[in-house]
Each structure stands twice: as C-alpha cells, then as structure tokens.
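This is what each chain is made of:
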Amino acid sequence: MNFFKYTFFFIFALFSGNQLFASEEVSVNETSTKEADTKKLVEIEAWPLLISGKDLSEDDYLGEVPRVLTVSRLSQPLSDTPSAVTIVDRATIRASGIVDLPEIFRLVPGMYVGVNAGYVHNTNHVISYHGMTSAYSGSMQVMINGRSVYTPLFGGVNWSELPIVLADIERIEVTRGPNAASYGANSYFGVINIITQNPSDAPNNSIIATHGNGRNEMFYRHADKVNDFTYRLSTGYRQDDGLDNRNDFKRTRLLNAQADYRINDKNSLELEFGLADGARGEGDINEDPFIFLPRTKQMNNHYQLIRWRHNINQESDFVLQAFHHYDRSDDQTTSVNLRPLLGIFGPFLLNDKITIKNEVITERFDIEAQHNLNITKKIRAVWGGSFRRDMMYAPFYLGTNKTDYFDLQRLFGHAEWQAHEKLVFNAGAMIEHNDFTGTDVSPRASVNFKLNPNHTIRLGASSALRTPNYVEEKFQRAIKVPTAVPVPNNTLLLQQDANKGNVRPEQIISREIGYLGNLGLLSIDTRLFYDTITDHIRFRDRNDFVAPPGFTLLDPDPSTPGVIEDINNGTNFGSAKVTGVEAQVKWLLMDNTNLLFNYAYIHVRGKENQLKKNFVNSAPRNTVSALLNHRFNQNWDASLAYYQTSEVTSLGDGDPVDLTRRCDLRVARKFNNGRWNGEVSGIVENLLNTRYEEFADYNTLKRRARINVSVEF
C-alpha cells in the first residue's frame, strides 16, 4: 500500500501547487460556452477533429465539451463521473487504421487483446481487463447502443459475429472499473458501450473497401431523411483468412439498419435491426487430435430493437426499450478412428468413428424502463428496471434436448449531488434476481473534488457480482461411444463436465483514486486501484461422478485406476487481490500533431492452489499503447501506433507468451472532386518485426499490409 500512498501524495502535491495553470486557464470540463480568448485552452477537447483533418470552427472550439453517457446512466462531464472512463471516438478509430472492432481496445489502458483465441471459437478475439484472460472472457458487460450482446453460454462476446460496420460507430465509452450498479452482473471489471452514428449525421451514400494480406471486405451505407423519419442502412461482406497454420477463416455477410422517427416535440421512436451469417473455421489438430478436428461451422444471428423516448417536462424524461436477439451456430464434427485408441474396448465399437452434433441456439428477450429527473437544482437522479429471458438450446453442452430458460429481473437507481462547485457526490445501486444465484445487490459511491477548474480528484468504491455462466453452472458435456456386447453396458462414456450447480456469484470490491487534469495542451487521466476478489469461480475435478444406467465410464487417466478425474465441476474457491495504476494522456504537440498515450501496471496476487491455474499470471504486468498522428495539410495525414504487452499466461486454451511489441503505420490521402469525396489509406501492421505471438504459442502474427478506400457521395 506504500505505492498507493506515495503516488497519491505525489499527484496531490504536484497539482495543488500548480497555481500557474489554475490562474491562467479555464476548465474544459464545464459545459457552459467559453469566450473566444479561451480558444487555446479547449483545443485539447477538439483533438478528435484535429485528427480527422477537419477545419476547426468557432463552434468546435466554444461548443459543449463531450459528455459521458454510460457510466451512471446520467449525462455527465468527465470531471463528474463516478468511475474512470475512456472515450474512443470515430476520429481515433480512423487514425489507428484498425479494421477489426476488438483491436480498438488496444487503445484503452489496462486492456489485453489477443487474436483468434482458443479452438472452440477460433475466429474470436479475447478481450480482458485486469486479468482472468481467457478465450471466453466473461467479466465485462458489452453493449451496442445500450443493448447487451454477451452470450449466456460462456459469458463472453462473439466479436466476429456482431452485425456492425466499423464506419457506423460514433464513439465507444469504456468504463474502467466495476459498474454493476448501473448495468448489473457481468459489469464485473468494466463496461463497453458502443454508440453508433445518428442516421442524420451519416452521408447519403458511402462505399468502404479493404484489400490486403488475407483480408477483403466491402460495405455500402445509405442514409436519408423523409420528413421526420431518418434512417441509415449498411450492408456488406467480409472475408478473413486468419492466421497461418490455424483453421480460423471467416466469411461474413451482414446487414444493419437504424432509424429515428420524431413523432412530435415530446416523443420519438428509435428502431434498430441487424443480421449476420456465414462460415467459420473451427478446431485445432494440435490441441485435440481425436474429436474436435478442423472443420467448418455455420452461424447466423439477428436482432431487433425499439426504443421510445418521452420528454415529460424540462426536468424529467422517460425511456422504454425492448429488444430481441437470436443466435444459432451449426457445428458438426467427426472423429478419427477410435478403435486403436480405446484399448480393450476398441474391438467392440459399432463404428470406427463417431459424429458429434454441436448445434447451439440462444435467444434473448429484454425490456427496460428508465426515468431521468432533476429532483432539485443540485440533485439529479435516474431509476428504472428491466426483465430479461435467455433461452438456451445446446444438447451437447447441457446434456439434454430440452431448451433451458434463464430469467433476470433488475431494479436500479443512481443520484448525483452537486453539493458545492468543487464537490460532487455520486451514489447508486442495482438489485438483481436471477435463476442461478437468487437476489444480489451491487452498490457504488464516489466523491469528486475539483481542486481548481482544471484538476479533479476522484475517490470511489464499488462492488460488483459476476453471475456464473452456463459453462460453470450447467454444463454436462460428454462424449458417448456406442458399443456391442460383451462390454458391460452398451455405451462408453467420456464425461468432461458434470456441474452440480449452486455456484455463488463471484464478487469484486474495488477502491480507486482518480485524477483528471488539463495542463495547457496536455490532458491527463490517471487511476490507482485496489480490487479484492472473493468467491472466485473455478473448476475442480469431480471424483464422485457415477455413470448413469447403460453407460460404462471411461477413465481419462489410466495411471490412477479407480479414480475418475478431469471431470469439471464449477465451484467457489479462493480469493485474489488486483492492484495497479493506469494513465491516459492526450497531448497536442503542435497545431497538426497530437499524441495519445496509455499505460497500465497490474499486479495480481493470490494463492495458486486456490485459484484457476496461472490466474496470477493472467494479466500482463505492463501494457503500453500510443497513437501519434500528424496532419501535413488538408489532404494528407499519417499515424504511427505502438502496442507493447509484457509476458502473460492466458487461462483455458491459452499458454505463456513473451513480451510483444507491435508498430503500425498508416498514411492517408483525402480527395474531393465536387460530388465525390473520400479517402485512400495504406496500413502496415507489425512494421518493425516479422512475427510475434498473442494469447498462445499457436497464434503467430506476421507483418500484414492493406489498402482502405472510402467514398462518399
């Protein structure tokens, strides 16, 4: 704790004594308009516009500072939020040259991103925050326009299957820290909210194309307005051949639509629709040479959302939304010849090979109501509730042909009190009831001290719960091999999971000290955190499993006859502590040059024998990311991105990988011939070395180049 104490006193001494900035600058966190002579001081807030190459107008300099929408469900400036937050806007996405949505999160301090993790969801990225890194990370709430997109099967997100076009994203708000008080279970380490562009802001027609090493895609966007009805439609196709020596290709067709209808001055409707389908590479011969061999999986999904906004009066408004999501994957695999592998049982098999049908269908219905109101001039509040039903059909995983149902009810509330011009209090809580763990409560409280208009200290504490997912609570996965007599029972059984259920939610309590400051053209956001994790959910071997009638249980480990091991059972066991510091810096170096820099130090501690294997090494100790952008003139600009991750050992399908360094270069040229305008850019990934590994030693990334072309008309 000395590290926290000394760092806190250093920050306090540095900025409480910095009267030069306090006397000569005005706050860029205030939402009121500024005088023209403060133009230079809010230039840092126009940073995204400088990256995009847009000429800055008086409105850009003097308009309202962007406000955070996600953290507390209240619109707040960064200086008033109860938790640390990173905003990645469309200009930053453009400057990075990134084409895969998960790659964006390399620009968030404390996040780990790995490509094509695992061999069950080969094409899926792993995204984790502060550890517990696995191919099926389920410790962050992920939403698109407030619609939850995590899968109940393993709690994570199938990133490659989201029906969203990168060009449609307006901004991404990442809450760095537990936020179950606002969004409930799964908001365990943080929340990602992807906010798309308003249809009224989109160009009438756009074509976006990418061509490069193993990557080809093309999208068409159309937007228009008919009286009070505005809409945007995006459709396209993506082809990605994946990594060398991996069966991780993907072919995706997608369609996405968004519309706004202004009924009258007090009411409006928002409609969203999306679908995606295609083929995926699955399996890895090196990880499983017998059953889950390289194969092709078909997937399709779609969603529909409707949102009604009602303005009650100047002090109050009401939002009601409902959405439906459907996802299906059709996965079938055939084994190798099992006769020589089953010893004395081999001669009695009915067939040399077996076929496993692994169809998975998930469906989600969700309805939520939210009421925002100003109680007094100094106190604002938001409250509401929701009901969700998840339906899961997964015969291979759940051991039954019946559909399983999971119901979730929520009540939430949050209040902000502007007690003084230099003092803001935030407090809130979520009460949840679900079919797995019953009723749970997740509170949060914080106080923000504005030392002066440009420097804010935030003290906060929050508690969050992670509800066990189906893998941990209900998996009954088994491989069944039919035989003929004289085997005692007519089917051999290799049981892999046999959960007893009744797993308690995993709990985290997080304390943080945050600092936000503006020093001329330098903007700083730092956070010191101390998290404790209890009721850690892990798998332990179950040695009391008894085969049902008609089955002969195979011993996966013949070296210990009579003891059946390696049958997974989710259980609560052990605790851990996670401490560290994060820093995010935006620096306007010159009029046309800016730098985004992120750093995180994370230390995970706990007793190895009580936690998942390699748990304390599941977060890289140090991560660094930086994005340098320079605009040469109105037409030309270039960016240089740098990502560094110290050694890490991921959980599950992962294994140890060494320190990695990656450098990406992007050069772009804009063009405009009157009716047509657009951009051509060239990107080289992994510029300075030819190969490195992410997540596991079977994921080797090499240098890749591509060309992006976008045209608007």
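The structure presented is a predicted model; accordingly, all values stated were derived computationally and were not measured.

Along the backbone of the chain there are 8 helices and 40 strands. For the chain, the proportion of its 713 residues judged to be buried stands at 57%. If you sum the accessible surface of the chain, you get close to 29,200 Å²; carbon and sulfur atoms cover 56% of it.

All right, on to the sheet that holds strand β28 (residues 551–553) then. Ordered by their spatial adjacency, 3 strands build an open sheet running β23-β24-β28, and the pairing between neighbours is mixed. One side of each edge strand has no neighbouring strand; the edge strands of this open sheet are β23 (478–482) and β28. Averaged over neighbouring strand pairs, the angle between their axes works out to 30° when direction is ignored.

Moving on, we come to the sheet that holds strand β7 (residues 190–196). Where strands meet in a sheet, backbone hydrogen bonds hold them as pairs that are either parallel or antiparallel. Taken in spatial order, the 5 strands make up an open sheet running β1-β6-β7-β4-β5, and their pairing is mixed. Of all the strands in the sheet, just β1 (84–89) and β5 (147–148) have a single pairing partner and so form its edges.

Attention now moves to the pattern of salt bridges. Here the structure, examined in full by the defined rule, presents 52 salt bridges. In this structure, the salt-bridge partner of R171 is E173, at a minimum N-O distance of 2.6 Å. In this pair, the class of R171 matches that of E173, namely buried. The partner of D265 in a salt bridge is R262, and the shortest N-O contact between them spans 2.5 Å. The exposed category is assigned to D265, whose relative accessible area is 66%.

Next up on the list: unusual backbone geometry. Of note, R73 is a non-glycine position whose phi angle comes to about 70°, a positive value. With respect to the element layout, R73 can be found in the loop between α4 (58–62) and β1. Even without being a glycine, F695 presents a positive backbone phi close to 70°.

A contiguous nonpolar patch, built from W587, L589, M590, L628, F632, W636, L640, L665 and V667 and spanning about 800 Å² of accessible area, is present on the exposed surface. A per-element tally of the nonpolar patch places strand β30 (residues 576–590) first, with 3 residues. With respect to the element layout, W587 can be found in strand β30.

Our next topic: the nonpolar core. Generally speaking, nonpolar side chains in soluble globular proteins are found buried as a group. With 48 residues, the main nonpolar core has L101, F105, M111, W159, I172, I192 and I194 as its most contacted residues. Once you skip the residues sitting within four places of it in the chain, W159 turns out to touch L101, P102, F105, N124, H125, I127, V142, I192 and I194. In terms of nonpolar packing, the next biggest core, distinct from the first, is built from 25 residues, V360, A394, L408 and F436 among them.

This brings us to the pairing of strand β4 (residues 140–144). One face of the sheet, then the other: side chains in a regular strand alternate in exactly this way. The buried fraction of β4 is high, at 5 of 5 residues. Side chains M140, V142 and I144 project from β4 onto one buried face, and the interleaved Q141 and M143 project onto a second face that is buried too. Here β4 pairs with β7 via 5 bridges, running parallel. Bridged to M140 within β7 is G190. Alignment of β4 against β5, held across 2 bridges, turns out to be antiparallel.

Take the packing of aromatic side chains next. Evaluated as defined, the whole model comprises 12 aromatic pairs. With 5.4 Å between their ring centres and 25° between their planes, W417 and F425 make a pair best called stacked. The partly exposed category is assigned to W417, whose relative accessible area is 42%. Pairwise contacts between aromatic rings join F292, F396, Y397 and F475 into one cluster. One Lys or Arg, R147, reaches over the ring of Y303 and ends 3.5 Å from the middle of that ring.

The next point concerns the pairing of strand β10 (residues 229–240). By the alternation rule, side chains of β10 split into T230, R232, S234, G236, R238 and D240, which are all buried, and F229, Y231, L233, T235, Y237 and Q239, of which none is buried. Pairing of strand β9 (residues 215–226) with β10, which is carried by 12 bridges, proceeds in the antiparallel orientation. When the sheet's bridge partners are listed, E217 is paired in β10 with R238. Hairpin geometry of β9 and β10 is characterised by an intervening segment of 2 residues between the two adjacent antiparallel strands and by a positive phi of about 55° at N227. By the bridge criterion, 12 bridges tie β10 to strand β11 (residues 250–262) in an arrangement that is antiparallel. Looking at β11, one finds that Y237 is bridged to R253.

Calculation criteria
Residues numbered from 1 in each chain as written. Predicted model: local features only at pLDDT ≥ 70, side-chain atom pairs only at ≥ 80, totals over all residues. Heavy atoms only, no water. Helix = DSSP H or I, 4+ residues; strand = E, 2+ residues; numbered from the N terminus. Buried < 20%, exposed > 50% of the residue type's maximum accessible area, 1.4 Å probe, protein only. Areas by Shrake-Rupley, 256 points an atom, 1.4 Å probe, with all protein chains shown as cover. Pairing = 2+ DSSP bridges. Axes fitted to C-alpha atoms, helices over the stretch in contact; angles between N-to-C directions. Salt bridge = Lys/Arg side-chain N within 4 Å of Asp/Glu carboxyl O. Patch = residues over 30% accessible without salt bridge, like charges linked within 9 Å, V, L, I, M, F, W, Y side chains within 5 Å. Core = buried A, V, L, I, M, F, W, Y, C linked by side-chain atoms within 4.5 Å. Contact = heavy atoms within 4.5 Å. Phe/Tyr/Trp six-rings, centres within 6.5 Å; stacked < 30°, edge-to-face > 60°. Lys NZ or Arg CZ within 6 Å of the ring centre and 35° of its normal.

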